[in-house]
Amino acid sequence: MTGTNDYAPPTTGATILRRQDEPDALRLLIAQKRMYSRAKRWLALRWFGMLVIGLAAPIVAVIFPQSAVIVGSVAGAWLFIGRTLLMYLQKRNTEQAAAVQEQFDLYVYEMPRATPRPKLPSLEAIISAAGPDANIHEVADREMMLGWYVVSENDPGAVAVAIAQRSNASYSYSLLRTTGIVWSVVAVLWAGALITICVAVGLSLATFLLGVLLPLLPAFLDVTEYIVGIVRSARDREALYREIEGKIGNDEDPVTAESLRVWQESLFELRRDAPTVPDFIHKLQRQKNEAAMSSAAAQLSKRARRETE
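1. Brief notes about the overall build of the chain
Along the chain, the regular secondary structure elements total 9 helices and 0 strands. For the chain, the sequential pattern of α-helices and β-strands runs α-α-α-α-α-α-α-α-α. Per-residue burial for the chain yields a buried fraction of 47% across its 309 residues. Considering only residue pairs separated by 6 or more positions, the chain has 88% of its internal contacts joining residues 24 or more positions apart. Approximately 15,600 Å² of the chain is accessible, and the part contributed by carbon and sulfur atoms is 62%.

Written out as structure tokens, the structure reads:
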């Protein structure tokens, strides 16, 4: 592993602005997005199975009370498949995407490679995921990936890197926080609706337990773990972006090359272990989050300049 003291940040933010739109950087950026999309497809399959069980179990229990045990067995089998094969495929693609995204950051920041990542895909796999080189810029433009990090070209390099890292952590925090709120509300509403329906149709306690509650326990287990993981990951990102923010423009405790390397390592670990955020939340929040991120970056840039004047 390259030592943290071996890193020399770019001279100014202009380097980041230039390098992030170069073909080698855009290839990594496109590849990581598509790898995250694969992980989300495996997550969607898990959720689809749980949704089918959640919708079908009460209906089957009402119409065919004698099938309650069968429904419970199906739910248990799906839980096993979801928490073994599907979770493995989801996690593998997430780890690969996190490793590729780290390579993008290292390239843009001119930062030496950190700890070797066993899950980093081969160059051929990255090229295959990103598509033909001739289409790289067109794809990046269409998917709004140009100008990925918002920094000032006149910022000192270390400050520009810190602002970009903080923006990444803050942006992810906002997405995770929104995701946690959405799924918590959905879970509460669904549980309330389910109980109301069961009471309204007059299900017996035995039928409710065997035909409704037990088949749904695996789904509620996954949902609960997912929400708890989102909340934990959001808090970790909040702590990271606040730590970075506290050093920007701070003469007594300034940004150093070593701190940039430490933050980059933390970002990788958070990306690798974070729950997957559905694409529809990305799309709903993108414009709002990007506007907030740009404004925050501009304010931090001004703060850093004031401290150096």
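2. Structural notes on a positive patch on the surface
Positive charge collects at one region of the surface, where Arg 38, Arg 41, Arg 92 and Lys 119 lie side by side. Of note, Arg 92 is situated in helix 3 (residues 68-109).

3. Observations concerning the nonpolar core
In terms of nonpolar packing, the biggest core is built from 68 residues, with Tyr 109, Ile 248 and Leu 260 touching the most fellow members. Counting only elements with at least two residues in this core, the list comes to helix 2 (23-63), helix 3, helix 4 (123-130), helix 5 (136-142), helix 6 (157-201), helix 7 (205-247), helix 8 (257-273) and helix 9 (279-308). Ranked by the residues each element gives to this core, the list is headed by helix 6, at 14 residues.

4. Overview of the confidence of the model for the chain
On average, residues of the chain score 85 in pLDDT, and 86% of them reach the 70 mark or higher. Across the chain, helix 1 (residues 13-19) holds the top mean pLDDT of 95, while helix 7 sits lowest at 81.

5. Comments concerning the pattern of salt bridges
Scanning all chains against the criterion turns up 18 salt bridges. The salt bridge involving Arg 272 is made with Asp 273; its shortest N-O contact spans 2.9 Å. Classification of Asp 273 as partly exposed rests on a relative accessible area of 47%. A single salt-bridge network, built from bridges that share partners, covers Asp 24, Arg 27 and Asp 133.

6. Observations regarding the packing of aromatic side chains
Under the defined criterion, the tally for this structure stands at 4 aromatic pairs. A ring pair is formed by Phe 104 and Tyr 149, whose centres lie 6.0 Å apart and whose planes are at 35 degrees; its orientation type is tilted. Taken together, the residues span a long stretch of sequence, with Phe 104 in helix 3 and Tyr 149 in the loop between helix 5 and helix 6 at a distance of 45 residues. For Phe 104, a relative accessible area of 0% puts it in the buried group. Exposure remark for Tyr 149: the relative accessible area of 4% places this residue in the buried category.

7. Quick look at the layout of surface pockets
Rolled over the atoms, a probe sized like a water molecule indicates the empty space that remains. Counted as a void, the largest pocket has a volume near 1,000 Å³. Forming the boundary of the largest pocket are 35 residues, of which Lys 40, Trp 148, Tyr 171, Leu 175 and His 282 lie nearest the centre. At the level of elements, helix 2, helix 3, helix 6 and helix 9 are the ones that each hand at least two residues to the lining of the largest pocket. Among the elements that line the lining of the largest pocket, the one with the most residues is helix 9, at 7 residues.

About the thresholds
Just so you know, the residues in each chain are numbered from 1, in the order the chain's sequence is written. A pLDDT threshold of at least 70 governs which residues receive local features in this predicted model, and a stricter bar of 80 or more applies before side-chain atom pairs are shown or counted, although totals over entire chains, interfaces and linings include all residues. Hydrogens are left out, water is left out, and the side-chain values use all remaining heavy atoms of the structure. Numbering goes from the N terminus for both helices and strands, where a helix is a DSSP run of H or I of at least four residues and a strand is a run of E of at least two. Burial classes follow relative accessibility: with a 1.4 Å probe on protein chains only, a residue under 20% of its type's maximum area counts as buried, one over 50% as exposed, and anything between as partly exposed. Residue contacts are defined here by distance: any two heavy atoms, one from each residue, within 4.5 Å place the two residues in contact. Methods summary: accessible areas were calculated by the Shrake-Rupley approach with a probe of 1.4 Å, and residue burial reflects only the protein chains presented. Patch criteria: residues need more than 30% relative accessible area and no salt bridge. Like-charged residues are merged within 9 Å; nonpolar side chains of Val, Leu, Ile, Met, Phe, Trp and Tyr are merged within 5 Å. In the sections that follow, a salt bridge refers to a side-chain nitrogen of Lys or Arg positioned within 4 Å of a carboxyl oxygen of Asp or Glu. As used throughout, the charge tally considers Lys and Arg to be positive and Asp and Glu to be negative, leaving His and the chain termini uncounted. A single reference atom marks each charge: NZ on Lys, CZ on Arg, CG on Asp, CD on Glu. Think of a nonpolar core as a cluster: buried Ala, Val, Leu, Ile, Met, Phe, Trp, Tyr and Cys residues, connected wherever their side-chain atoms sit within 4.5 Å. The pLDDT score gives, residue by residue, the confidence of the prediction method on a 0 to 100 scale. When the centres of two rings from Phe, Tyr and Trp lie within 6.5 Å, Trp using its six-membered ring, the rings pair. Their planes under 30 degrees apart give stacked, over 60 give edge-to-face, and anything left gives tilted. Both site types are read off a 1 Å grid over the protein atoms alone. A 1.4 Å probe that fits but cannot get out defines a cavity, while an open set with protein on both sides within 12 Å along at least five of seven lines defines a pocket; lining residues have an atom within 4 Å of a point. Grid points are joined across faces, edges and corners, and a volume is the space filled by probe spheres set on the points.

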